[in-house]
Amino acid sequence: MTRFPNRLLRVAVFALLVLAVSASASSTPTRRLKQASGPITALAIDGSRVVYSTDPGDVYVWDVPSGRTWHPRLSSGSDFPPVTQVAIAGRRVAWIRSDVAGNSMETNENLVTTTLGSYGARTLAHAYRDFDLGVGQWHGDWISGLVGSGKTLVVSRWTTTPDAGGPTEAMSNARLSLIGVSAGRLRTLASGNDVIVSGGVDAHGVAVARPSGTVAFYSFAGTLLWQTTSSPATAIAMGGGRVAVLTKTKTLEVYDSRTGAFEHRWPIKTRSAYLQVGHLQAYGRIAVFSVDPRYASRNLRILDLETGKSLILPSRPRSAWNDASVGPLGVVYAVNDYRAYGGRHPTGTLVFLSAARVLDGIARGHL
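So, a few notes on the structure that sits alongside this text.

### Concerning helix 2 (residues 355–364)
Those residues of helix 2 that sit buried are A355, V358, G361 and I362. Viewed along the axis of helix 2, the buried residues span an arc of 130°, placing them on a single side of the element. Those residues of helix 2 that are exposed and angled more than 90 degrees off the buried face are A356 and A363. Phi for G365, located one or two positions after helix 2, is positive at around 95°.

### Considering unusual backbone geometry
V197 follows I196 through a cis peptide bond whose omega is 10°. Its location among the elements puts V197 in the loop between strand 13 (186–191) and strand 14 (198–201). At M105, a residue that is not glycine, the phi angle is positive and equals roughly 55°. Relative to the assigned elements, M105 resides in the loop between strand 7 (92–101) and strand 8 (106–115). Judged by relative accessible area, M105 falls into the partly exposed class, the value being 32%. Within the chain, K250 stands out as a residue other than glycine whose phi angle is a positive 60°. Relative to the helices and strands, K250 is located in the loop between strand 19 (242–247) and strand 20 (251–256). Residue classification places K250 among the partly exposed positions, given a relative accessible area of 24%.

Procedures and definitions
The written sequence of each chain sets the order in which its residues are numbered from 1. For a predicted model such as this one, the threshold for reporting local features is a pLDDT of at least 70, and the threshold for listing and counting side-chain atom pairs is 80 or more; totals across whole chains, interfaces and linings nevertheless cover every residue. Only hydrogens and water are set aside when side-chain values are computed; all heavy atoms of the structure are taken into account. Using a 1.4 Å probe on the protein chains alone, a residue whose accessible area is under 20% of its type maximum counts as buried, one over 50% counts as exposed, and one in between counts as partly exposed. Secondary structure elements are taken from DSSP: a helix is a run of H or I of four residues or more, a strand is a run of E of two residues or more, and numbering for both begins at the N terminus. The arc refers to the directions leading from the helix axis to the C-beta atoms.

As structure tokens, then:
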């Protein structure tokens, strides 16, 4: 007599769970557009939220299923320094603002962070550098490799000085850092010239593209877990348990982020003698990138990391650099139109495509 109601309860609970999962899945659109206030300069997705910046320096967060938009930071005028990199991890948002001026390309960079729903934003780090015209090399500090996922935000910093005896600058003071949650400070994970630049973060750790061309994976305790020994990397991305590596030998290599186990090597088709890589992002089965320098700012290629099949998104007006991102829900990319005519200002649009739609489109050969 006591088992029957318990069984009914279990059946009812199971039915409710099925309905909840179905409702969650159905709440994610297969395609959605978001009109921005201007050309989009950078974007990133984590979970259901997309953080993006616009010219002249505004920062927004867009929740794809609900369509809701937050404004963590608005610019104070048309001369506000542009945002070049953004990252989001849950409700935490970070961005890098870069201001370049003068013939020596004097550059001031600021790393800024905030939390959705909080008041104001905090500057965590500043970098200044200039270009030594005499030797053609950079001198000063750098902030780059801003990535985020789940509850974690990561960034890389380093210093370069001109090296008259070599083709590139001498590097020093390189460190891979976590952006703290409560204190809003940077905590160094690892240091040394081989621990930068961060290219992705997931639940297991941080992937970095070393200056030597190898890829390394560090735990959140700063321990080196694994590294590659194959073709030199030109760009890396990580998400959903996989690390994607574009190499100088025109291949895209896939590794398991937890173990470093090699999974696939897919050839990259391009008529160019070299790769000018942009936009590389990856999550789960999907990678997005561009490789052809003639169309690096126009055509994005989407590739299924399990099958190697790919397709190119339709050509579009000139777009901002680093304008695509991939997450568990799908792909988001920017379409910017810089043609101002008839009193019309340059515009930007975010395009979201669900993961299911993308993978189905790749299998069929068109979206």
